[in-house]
Amino acid sequence: SQTIHQWPATLVQPVGSPLSLECTVEGTSNPNLYWYRQAAGRGLQLLFYSVGIGQISSEVPQNLSASRPQDRQFILSSKKLLLSDSGFYLCAWSVQGAGGYTFGSGTRLTVV
Amino acid sequence: KQEVTQIPAALSVPEGENLVLNCSFTDSAIYNLQWFRQDPGKGLTSLLLIQSSQREQTSGRLNASLDKSSGRSTLYIAASQPGDSATYLCAVSKNNNDMRFGAGTRLTVKP
């Protein structure tokens, strides 16, 4: 069966520090991968999606970047965190050409 | 740009009641619609997925309907239980690469 792993679960980082959040999927090949952010009291915002290795689409201009170095690995990064980067970050995957997203357990990021 | 609205924003009901959560979307050219549940501080759990060609899906006490032409979906929960308390999120996708979410309905079921 397919599983999605996201870590760490919580993270507290100072302003200006770098960030790396990792997401991996098991049990499937060539998935679509997504990064969402959920700010406090707000809905989910799509940040990045990827349909293949090295293929990244960005939804909104921001202080973050994403990379997909392997088929089932999706990384969210920042060189210098801002206070406004605080939030709940969720990774998701879907089968290409089919419907339905499966989400990871999320990372709570607090920038102080 | 697709806009997804969920009404009500919050709902409190006594245990055992049947209830309906509403979701509307502005662009009817969707690929699919998915309902999720989110517990506080947790990720999203998929409840039901409705493809654009379908009208409804059922899982246990949950039934979701889709009226694509009017841009509406409802999630019906029968015989609600305290364990159903959570935030329920509706999301629509135009081409399976751009799932857009509503702000959610926060449900509280009182014992």
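Predicted model, so just to flag it, every value in this text is computed and none were measured.

Here we take up the interface of chain B and chain A. At the junction of the two partners, chain B supplies 21 residues and chain A supplies 23 residues. Of all residues in chain B, B:Asn96, B:Asn97 and B:Phe101 give up the largest surface area on contact with chain A, accounting jointly for 35% of the area buried on that side. Where chain B touches chain A, the interface holds one salt bridge. Note that A:Glu59 and B:Arg100 form a salt bridge whose closest N and O atoms lie 2.7 Å from each other. At the junction of chain B with chain A, the criterion picks out six residue pairs in polar contact (both at pLDDT 80 or more). Of all elements in the fold, only β4 (32-38), β5 (44-51) and β10 (100-101) of chain B reach the threshold of two or more residues within the side of chain B that touches chain A. Considering only residue class, the side of chain B that touches chain A consists of eight nonpolar, ten polar and three charged.

What follows concerns the environment of B:Arg61. Residue and element names in this part refer to chain B. Tracing the sequence through the fold places Arg61 in the loop between β6 (56-59) and β7 (62-67). Assessed through its relative accessible area of 29%, Arg61 is described here as partly exposed. Taking the C-alpha atoms as reference points, Arg61 and Val13, 48 residues apart in sequence, are found 16 Å from one another. For Arg61, the contacting residues outside a window of four places in its chain are Tyr76, Ile77, Ala78, Ala79, Ser80, Gln81 and Asp84. A polar atom in the side chain of Arg61 sits 2.8 Å from the side chain of Asp84.

Here the focus is the environment of A:Phe103. Turning to its location among the elements, A:Phe103 is positioned in strand β10 (residues 102-103). On the basis of relative accessibility, which here comes to 7%, the residue A:Phe103 falls in the buried class. Remark: the alpha-carbon pair of A:Phe103 and A:Ile4, spanning 99 residues in sequence, is separated by 7.2 Å. The contact partners of A:Phe103, leaving out residues within four places of it in the chain, are A:Ile4, A:Tyr36, A:Leu44, A:Leu90, A:Cys91, A:Ala92, B:Phe36, B:Leu44 and B:Phe101.

Residues and elements named next belong to chain B. Strand order in this open sheet of five strands is β1-β3-β8-β7-β6, and the pairing throughout is antiparallel. Each edge of the open sheet is held by one strand with a lone partner, namely β1 (4-7) and β6. Adjacent strand axes in the sheet meet at a mean angle of 15° when their direction is disregarded. As judged from the six bridges shared by strand β3 (residues 19-25) and strand β8 (residues 72-77), these two strands associate in the antiparallel manner. Within the sheet, the bridge partner assigned to Leu19 lies in β8 and is Ile77.

Rules behind the numbers
Position labels on residues start from 1 in each chain and follow its written sequence. The lettering of chains begins at A and the numbering of ligands begins at 1, in the order of writing. In keeping with the predicted nature of the model, local features appear solely for residues at pLDDT of at least 70, side-chain atom pairs appear and are counted solely at 80 or more, and the whole-chain, interface and lining totals rest on all residues. Side-chain metrics in this entry use all non-hydrogen atoms of the structure; hydrogen atoms and water are not considered. Working rule for contacts: check all heavy atoms of both residues, and any pair within 4.5 Å makes them a contact. Take the accessible area each of two parts loses on contact, using a 1.4 Å probe, and add the two losses: that sum is the buried area. For this analysis, a salt bridge means a side-chain nitrogen from Lys or Arg found within 4 Å of a carboxyl oxygen belonging to Asp or Glu. The definition of a polar contact used here is a pair of N or O atoms within 3.5 Å, where within protein one atom must be able to donate a hydrogen and the other to accept one, and adjacent residues in sequence count solely through side-chain atom pairs. The numbering of helices and of strands both runs from the N terminus, where a helix is a DSSP run of H or I of at least 4 residues and a strand a run of E of at least 2. Note on residue classes: Ala, Val, Leu, Ile, Met, Phe, Trp, Tyr, Cys and Pro are nonpolar, Asp, Glu, Lys and Arg are charged, and everything else, Gly too, is polar. With a 1.4 Å probe rolled over the protein chains alone, any residue whose accessible area is under 20% of its type maximum counts as buried; one over 50% counts as exposed, and the rest are partly exposed. Pairing between two strands is assigned when DSSP locates at least 2 bridges connecting them. With axes taken as lines fitted to C-alpha atoms, and helix axes fitted only over the stretch in contact, angles between N-to-C directions fall between 0 and 180 degrees.

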